[in-house]
Structure formats: C-alpha cells, structure tokens
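Below are the chains, spelled out letter by letter.
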Amino acid sequence: MRRFVSLAVLLFFTVPFGASLIGCGQKTAVQYCNGQGSGPVIGQVKSITLSPNFAVFGESIDFGQIGNSLSASAVDCKGNAVSVNRFTYASTDLTFADINPSSGQVCGGTFNRFTGGGIPDYTVCTAPANPPATTVAYVTATANGAVSNAIPVYVHQTVTSIVIGAPTPQGSCPANLNSTTADQASNCCPISTGAVTVAPPYNPAGACLSQGVSAQITARVYKNGTTNPADNITCQVGHLQYSAQNSSIFNVDQNGVATANQPGSTIVTATVSNSGSGGAAGFFSTCPPASITLSVPGQTSNSVSVNVNNTQTLNAIVKDTNNVTLTGLNLTFNSTTPSTTQAGGGLVNPAFPGAATITAVCQPPTCNPAPFSQIGLNGNGKPVTSNGVQVTTPGNNASVLYVGSTQSQYIFPVDFSTNQPGSLVKLPYTPNSMVITQDGSTIYLGSTTALMTVNASNNSVTGTNLSIPGTVLAVSPDGTTLVVTDPARQTISLVAGGSVVSTTGGVGIRAQWTPDSQTVYVAGANNQLIVHSSFTGWYTTPTASQYIDVAVTVPSVGAFFATANPITEGRSYCPSTTVNGSGNPPTTTNVYYPVANDTAAKSDRVAATNDGLHILGATVTPAPAINDIALSFPQAGSTQPALACTTATSPIVFNTSSTVHPLTGIAASSITAVLPASDSALAFITYNGTSGLLPLYVPATGTVSNVPLSSGAIAPVSGVFSTDNKTFFTGTSGDNQVHLITVSGTSATDTSVIAPKLPDVNGNNAVPDLLVQRPKRATS
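As the structure is a computational prediction, the values presented were derived from the model and not from experiment.

Student: It is not clear to me how the packing of aromatic side chains should be interpreted in this structure. Could you clarify?
Tutor: Note on aromatic pairs: each is described by the distance of the centres and the angle between the planes. Counted by the stated rule, this structure contains 14 aromatic pairs. Their ring planes at 70 degrees and their centres at 6.4 Å tell us that Tyr-521 and Phe-561 sit as a pair that is edge-to-face. On the criterion of sequence distance, the pair formed by Tyr-521 in strand E45 (residues 519-524) and Phe-561 in strand E49 (residues 558-563) is long-range, its members being 40 residues apart. In this structure, Tyr-521 and Phe-561 share a single accessibility class: buried. Clustering of aromatic rings is evident, with ring pairs tying together Tyr-521, Tyr-539, Tyr-547, Phe-561, Tyr-592 and Tyr-593. Stacked on the ring of Phe-352, the Lys or Arg Arg-777 has its end atom at 4.9 Å from the ring centre.

Written as structure tokens, this is what we have:
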C-alpha cells in the first residue's frame, strides 16, 4: 500500500513537469542583437525618431500658440519597426514651451491642467507674462528606456512681416542676437542643426542673377507691424523657408540657397519653420534676355529658300544682360505669313509657295515675366525680339477668292484651281467688313445688326450673332480672336468662340495684330491709341493727332500710325519705366507704347513690308503720293537682334528717313489700302477715284508706275495678293468687276476680269469693295 501511494505521488509531480518541459520547447528562442547570449534583444526599442519633418530645423510657434502634434517612431537594433504602446513627450523648459506628454503638442507658454469646468487638459495655452530672453526649448520623446532626437522649438512674439534684404556684413552681427538696435539679418542667427551654406548673399536691391547662378537669401523678421530694429525678432524665430510665387524663375533649397532659372522676376514668400507665419517677403530677379539672334544653321545669310512640305530648322541664341547664354526659354516663333509658312518651335514648314519673315520673341508673360507692379525692374516683364529670317518658297498656288460688297447682301466665291465661279451666297445682313482667318477656314463679316460667320470650305453661313453688331477690324493670326467695334455702343471688343471676352470703351477705325496674336493695336476715334495685350490687358491713351490707320513693324517691335495730320507716328512696344523709391521690392510706373518716331510724312493708309525696311504710307492730300519711310533699326534680314527693351528706362527711338513719290496721273478722293507683296518686291495702292489706273510701287528702287485697268474700270477700290505673289486681285468701280493683275518681277499687267454681279438693294451690280482669299493647291 505504501508503495502505491509513493508511485501515485511521483506520477502527480512528474507528469505535469514533463508536459511543462514539452511546452517550453515550443517557445521562440530569445535573439540577441550581437548574435550571442546577452545584451539588447531584437524586437526591443533601441532608438526613437521624433518628427522627421521638424528634425532639421525645428518648430516655430508664437507665444500663446499651440503647435502641431509630434510623431515618434521606434526601431530595434536591426532597424525593424517596433510597436510602442505609449510615447512620453518632454520639454526642456515648461515655462514657455510646455508640452502635452501624450500628443507632443507644444504650447508657447503653459498648458491648462486640472482646470475643471468641462475644459479638457492641454487645450488652453497661456503665454508667459514676462517672456524670457532665451526662447528655444528642446523636445524629446521617450519609451521603453529609449530617448529620441531633440527637436528645437522656437517660441516668439507674433511675426508681422518678413523682409528679404541684404545680409548683415560679416563681423557686424551683434553679440546679443536679441539686440534691439542692430537690426540683424538671418545670416547672424545660428541654427543648431542643418547644413552649412557657402553661396554668396543675395541682395534684391542689386542686380539680377544670371541663369544657373546661386545666392543665399537672407531676411529680417519683425513683430508689432513695423520694420524698426526694436521689433526685429529674426534670431528668435528659427529657420526661414522660401518659395517663389512663379516657380519657373528660381529654385530654392531648404537652406535658402536660390538658383536662378528662367528669365523674369517673382515675389518671394518666406515662412518661419513649420509654421503658418509669413507671406510675401521680397523679390527675385533672373536676368532678362538682352538679345535673340536667329539664324539658319550652316549659312551666314539670313535668307533661305525652303520648298513646300520641306522643313528648315532655325537656331536662336539668347544672351542675357550679363552676356550669359540662356537655355530652355519659352520663345514664340512668329511668321508674317502664317497662311503659307508656319514656324512653330523654330521649325519652318511651308505649306504653300510664298514668302514670310520669321522672328523669335521672348514675350511676357510666357517668357521673362514680372509682377505687374514690377514690370521693367531690372528689365524683367519686357519683350525681346530677334532679327528676322526671310523664307521664300518657290512655286505656284491657286486661290479661292471671296468677293463681297458693302452695298450687297451676297458674297461670290471663285475657285481658281478649277476656274469655275461659284454661286452667290446670301448673307443674313449687308456686311460692312470682311476678314478671313490665316488658315483659310472661316470668314467673318460685320454688320450693323450682327456678326456673321461663313465656313470657307463649303461656302455656308454657319453663324449669325445678333449680340455682336459692328465692324470687324481684324482677326488674330492664330484665328482665335476678332476685334469688333460697335460705333453705336461706343465699344471695342475681343470676340472668341462666338462670345465677347473683353471690352473697352471707344470706337476703332482700324486694327492690326502682332504675328504672335498677343497684342492688337487699334487706331481709335476721338484721338485715342488703344492697345490690348494678353500680358497687360487694355491700354488707352490720348494722341496728339487723330489716328486713322495702323501697321505693325517687321519685326513686331512697335507700330506706325497714319494720322489726320501730316505726320506718320511710330509707337514702341518698349514701355518707358520709372522706378519708385526703394521699397522691397520697389514698384515701377510704366508708360506703355510711347512715341518712338514722328515722321513728317502725310499718310492716309499705311503698311509694313515684310523685309523690315519700309513703312509705306499713301495719301491724297495735298496731292496723291506714296511716302516711303525707311527704317534704320536692325532689319529683318540682319543678323543683329531687332530690339530688346530690357535696358530701356526712357522711350526707344525709331530712326527713320522718308521720301515722297508722287502718284502721277491718279485722280483719287481717298486711299483705301496700301498692299505690299509678302516678298516685299512691290506694292499696290487702291483708292476711290476716276483715273482707271492701278498704282504700283517698287520699294527697292523707289519707282512708281501705273497699271492701266481694262473693261471700263475707273478706280481700284480694293485688293488682295495671292499668297504666291503671282496675282493681285483688285475690285474696281466703274465696271463693278474684279481684275486679275498678273505680276512678273516688279511689273504687272491687267490680264483678265471676273464679274461677281453682286446685287444691291435695287438689283444693280454693287462695287466689289470687300476681298479676301485663301491659298489652294494648284492642279497644274
């Protein structure tokens, strides 16, 4: 019996123990960091990282402000993330940088604790009654015996302004960085963490920086809404961070080292580290272009022949005001004859025979922009235009001619590729004007009742807009925008997509766009110059003489205006700039489109030749004559840049000389147009009168001749060139027909006529005084 009891006791103790040993054998073995049998264990917290976004430059808060919650993360000795139930946050000075130990939110003063009344702890921050002189505390997080990196917290008075400016000279920083007299800049303030910068200082009051050049931005921080030295708190707020309002102008790193990028200027915004405090603080300028030289690769001449459907690359070399070559610019390449020759991206691709001058333009706001109140400061915000490259494309075109009249409700299309006249197209109203887009797709006709639209491909009326009555003065080269004036409402409007997109007061007499479709010059009634720019909007200024016609120069660095006085006036696209005071940044006042030339030459109608050599003006008083105004700024065929405005603080001057050539044998009551060929070889003058002659002028020789008109025509009242310059179409009074003038070199002959038979309200044939054309492939 005793043996049985002993066995039972033995089994009772040994079996559970054995089972316990088996269970222990299934547990994970402890792994030590050193791979041996002692020391830190893998999976235990080894290090804690506190708020990486604050780790380099810390956090900055106002007295009485509650900062952002901090975030902590832990890893073991192998760098593996470790889950921690709770981090405890601490501050080195709770008198002005109190902290919520659970969330890590820092208070710029002291938190409420145990206040009762339903107010949660750590939700009210009370600023210290007497702020200490040193207001930098360090915050850490602890867990499981590990301590995080320390983050500096800068506590300060409320920032009311940050001003970018010149650094404090080396050796002049005060010993007491909280000095109320030194007005120290940020370069005086030591940051306990962060990279050391070696870039030279940036002084916004000085010159611009060339592309690729770096400089250290410095600033001063103020309280109490002043910029007095007594309110300078620069060294109390910690690190400053900068950004550009226009990010294309410069790049800036976290240390405030800015590197100039694209030409232009921008407002610089500054904020204190990881805080919402800050705002517009200053100005940064990347040096503008001073010249753009456009050339044909592999040749010294700036004239080139390019066959239809072939391509020709152009090179544009851009130098800034420090003679540094610029890259990556958003240049606009313009063609004077986009209906035949396009030049997008500097690649010439003629679609039809003809001639054109190509230029490259750095045009704000897409190139060399500036804030409106700083246009002209350091030369930013102003355009720069290259010399021109003349492109000739040999061959013959056919034309589709559209004939209209201001006395008829019909237009008459003629397709010369088939030599078959079309059928009369009835319009909703009698037109007072007619224009065609450069791509030849759409015809717009104005009237006193509505704006009418005709599809030029199928000769159908596709739109009648009763809300836009008036005269169509011009259509932009890109075909998107019309200029329409309504004398009844006294308005000038831009129309796009069938709607008025912008309007100004006044009445336009004539208008012309620049080739880039960015600017339109309007000769306004009541002695007004009216200009619309996509950069500056509408600009209206009184004129000493009544403007009656306008021609944009080639290259498009301004415009010349025919006037009611014996003066043809030039206006420059370079504004005259005055810098106002020494603010940060200084502001500018600009006089836009200032007078650049007054030529004592009477002109009723004016036109520019594509070679950039001539402004041609024709008049009937005191006697019929053509005035040839020779331009002496660098011409379209020159390798010299055309005109940069970057250094202009006073009006640019166009140097000109003029000669008067009588239009002998012409009895004219008014000039209706001066029409140069796109290759600049000759020009025709149309007029109202009784001579039966078509005047022809050769600019290269200054000679005038007359082409006799057949079939009883008494005056050429309208005209348009075919795009290959081989045919000039002129609508004539007397016979009310359209004459085809065949051009050979610098001579011309009336070779045939077509009879549009546009009926007026009485059923009589109207004078064809509205002509437009588009090119078409020749079939032979």
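Now that the structure has been shown, we can carry on.
Student: Looking at this model, I keep getting lost on the sheet that holds strand E40 (residues 471-475). Mind explaining?
Tutor: As a general point, the strands of a sheet are linked pairwise by backbone hydrogen bonds and lie either parallel or antiparallel. With respect to topology, 4 strands assemble into an open sheet ordered E40-E41-E42-E43, the strand pairing being antiparallel. Looking at which strands have only one partner, the edges of the open sheet turn out to be E40 and strand E43 (499-505). Each strand of the sheet is rotated relative to its neighbour by a mean of 25 degrees, with strand direction disregarded. Bridging between E40 and strand E41 (residues 481-486) involves 4 bridges; their strand directions are antiparallel. Paired with Val-475 across the two strands is Leu-482, which belongs to E41.

Student: Can you help me understand the environment of Leu-709 in this one?
Tutor: Counting through the fold element by element, Leu-709 comes out in the loop between strand E62 (703-708) and strand E63 (715-721). In the structure, Leu-709 is positioned 552 residues away from Gln-157 in sequence and 87 Å away in space, judged by C-alpha atoms. The contact partners of Leu-709, leaving out residues within four places of it in the chain, are Gly-692, Leu-693, Leu-694, Ala-715, Pro-716, Thr-730, Thr-732, His-739, Ile-741 and Asp-750.

Student: Mind showing me how you'd approach the side chain of Thr-672 here?
Tutor: Here Thr-672 shows up in strand E59 (residues 668-676). There is a polar contact of 3.3 Å between the side chain of Thr-672 and the backbone nitrogen of Tyr-687. Ignoring sequence-local partners within four residues, the contact set of Thr-672 consists of Arg-605, Thr-686, Tyr-687, Asn-688, Pro-716, Val-717 and Ser-718.

Student: Is there a simple way to explain the nonpolar core in this structure?
Tutor: Note on soluble globular proteins: their nonpolar side chains tend to be buried together. Among the nonpolar cores identified, the biggest contains 29 residues, and Tyr-521, Phe-561, Tyr-573, Tyr-593, Leu-643 and Phe-654 are the most heavily contacted of them. Elements represented by at least two residues in this core include exactly E45, strand E46 (528-533), strand E48 (547-552), E49 and strand E56 (625-631). Leave out the neighbours within four places in its chain, and Leu-643 touches Val-384, Thr-385, Val-557, Tyr-573, Cys-574, Ile-652 and Phe-654. Judged by nonpolar contacts, the second largest core, of 25 residues, contains Val-82, Tyr-89, Ala-141 and Ile-151.

Cut-offs used in this document
- Residues numbered from 1 in each chain as written.
- Predicted model: local features only at pLDDT ≥ 70, side-chain atom pairs only at ≥ 80, totals over all residues.
- Heavy atoms only, no water.
- Phe/Tyr/Trp six-rings, centres within 6.5 Å; stacked < 30°, edge-to-face > 60°.
- Helix = DSSP H or I, 4+ residues; strand = E, 2+ residues; numbered from the N terminus.
- Buried < 20%, exposed > 50% of the residue type's maximum accessible area, 1.4 Å probe, protein only.
- Lys NZ or Arg CZ within 6 Å of the ring centre and 35° of its normal.
- Pairing = 2+ DSSP bridges.
- Axes fitted to C-alpha atoms, helices over the stretch in contact; angles between N-to-C directions.
- Contact = heavy atoms within 4.5 Å.
- Polar contact = N/O pair within 3.5 Å; in protein donor to acceptor, adjacent residues only side chain to side chain.
- Core = buried A, V, L, I, M, F, W, Y, C linked by side-chain atoms within 4.5 Å.

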